[in-house]
Amino acid sequence: MIPARFAPFLFGLILSGLMSCIVSAIATARALGLHPGFATAWMGSWLTAWAVAFPTVLVVAPLTRRIVARLTA
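## A word on the overall build of the protein chain
- Looking only at helices and strands, the protein chain has 2 helices and 0 strands in total.
- In terms of overall dimensions, the protein chain is more spread out than a globule: its C-alpha atoms have a radius of gyration of 16 Å, far above the 11 Å expected for 73 residues.
- Reported as C-alpha extents along the three principal axes, the dimensions of the protein chain are approximately 50 × 35 × 15 Å.
- Counting only residues that meet the buried cut, the protein chain has 15% of its 73 residues in that class.

Okay, here's the thing in structure tokens:
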């Protein structure tokens, strides 16, 4: 098992991976349509999006938690 101290990084990795996968699929399908090369184009877009999304989630998550705490206090 992975030690608990890595939970925020693992959460960010999984969340950013899933979200970038879904969003890049939709954006790629809208831009190119569903054609035989769709999967290859999508995977390229997904990897690029994930490379941006993962560090963004790690940086933005603490700020988001503070905003949510203020809004729900």
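Moving on from the coordinates now.
## Considerations on helix α1 (residues 7-32)
- Over its 26 residues, α1 extends 37 Å from the first C-alpha to the last, a length consistent with the 38 Å expected when each residue adds 1.5 Å.
- For α1, the set of buried residues is Gly12, Ser16, Gly17, Ser20, Cys21, Ser24, Ala25 and Thr28.
- Close packing links the buried residues of α1 with α2 (38-72).

Conventions we followed
Residues numbered from 1 in each chain as written. Predicted model: local features only at pLDDT ≥ 70, side-chain atom pairs only at ≥ 80, totals over all residues. Heavy atoms only, no water. Helix = DSSP H or I, 4+ residues; strand = E, 2+ residues; numbered from the N terminus. Rg over C-alpha atoms; globule rule 2.2 N^0.38 Å. Buried < 20%, exposed > 50% of the residue type's maximum accessible area, 1.4 Å probe, protein only. Expected span 1.5 Å × (residues − 1). Contact = heavy atoms within 4.5 Å.

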